[in-house]
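One letter stands for each residue in the lines below.
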Amino acid sequence: MKATQSSVGRELEQFQLWIIPMCDRLPKNSRSLDELGRKLIRDVNEAQCGVRLALKTSDAKTRLEIIESVILFMEDVKSIMDAFVEYSSTGNIRILSLKQKSAYLTQIESISRQLGGWERKTKNLVAEGRGEIVRQQCD
């Protein structure tokens with residue numbers, strides 16, 4: 001199944017709906033965990049904004065730069081989530097269950113795969129010298 005760019009936005013929205021309650025459950029007396037939770041939500045929001053902005057721009061080079069920034073935000077998101085998984089495995093505080101960890105990995109993999117495909121497609125347009133992009137179909 002070929003993913004469209006707008007499906008990345010929808011998956012990011014679903015991911016954000018999933019992480020907000022998780023971050024709300026983080027212990028407030030652990031300043032570092034609380035800050036990581038806030039950063040996680042902020043990075044997912046930045047990625048969502050980047051996807052929306054990339055969909056609206058018609059310049060291939062600009063779009064590529066935006067997509068690359070979204071990928072960087074998602075790498076940061078993955079790093080924070082990995083830290084939560086590791087912290088949960090220590091037994092101090094369970095942030096994520098095994099079932100939640102599996103769901104998170106599936107979502108991150110899907111989002112990353114779609115962003116990578118979008119990045120490759122846009123790089124090809126830039127390499128071909130097609131600076132203007134005809135508005136891509138969104139579903």
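Residues numbered from 1 in each chain as written. Predicted model: local features only at pLDDT ≥ 70, side-chain atom pairs only at ≥ 80, totals over all residues. Heavy atoms only, no water.

> Hey, could you go over helix H2 (residues 31-56) for me, with residue numbers and the actual values?
For H2, spanning 26 residues, the distance from its first C-alpha to its last is 38 Å, which sits close to the expected 38 Å at 1.5 Å a residue. Those residues of H2 that sit buried are Leu33, Asp34, Gly37, Leu40, Asp43, Val44, Ala47, Gln48, Gly50, Val51, Ala54 and Leu55. (Helix = DSSP H or I, 4+ residues; strand = E, 2+ residues; numbered from the N terminus. Expected span 1.5 Å × (residues − 1). Buried < 20%, exposed > 50% of the residue type's maximum accessible area, 1.4 Å probe, protein only.)

> Which residues make up the packing of helix H3 (residues 60-89) against helix H4 (residues 98-127), and what values do they have?
Here H3 crosses H4 at 160°, and the two axes come no closer than 10 Å. On the basis of their axis angle, the class for H3 and H4 is roughly antiparallel. Regarding H3 and H4, the two cross each other, and that crossing is left-handed. Among the residues making up the contact of H3 with H4, the classes are represented as 16 nonpolar, one polar and eight charged. (Axes fitted to C-alpha atoms, helices over the stretch in contact; angles between N-to-C directions. Parallel < 35°, antiparallel > 145°, perpendicular 65-115°, else oblique. Left-handed = near helix turned anticlockwise from the far one by under 90°. Nonpolar A, V, L, I, M, F, W, Y, C, P; charged D, E, K, R; others polar.)

> Kindly report on H3, identifying the contributing residues and their values.
Here H3 is 30 residues long and its end C-alpha atoms lie 43 Å apart, about the 44 Å a rise of 1.5 Å per residue gives. Directly after H3, the chain includes Gly91, whose backbone phi takes a positive value near 90°.

> Account for the packing of H2 against H3, with residues named and values stated.
H3 packs onto H2 with a crossing angle of 155° between their chain directions and a minimal axis gap of 9 Å. On the basis of their axis angle, the class for H2 and H3 is roughly antiparallel. With respect to the hand of their crossing, H2 and H3 are arranged in left-handed fashion. Classifying every residue of the contact of H2 with H3 gives 19 nonpolar, two polar and five charged.

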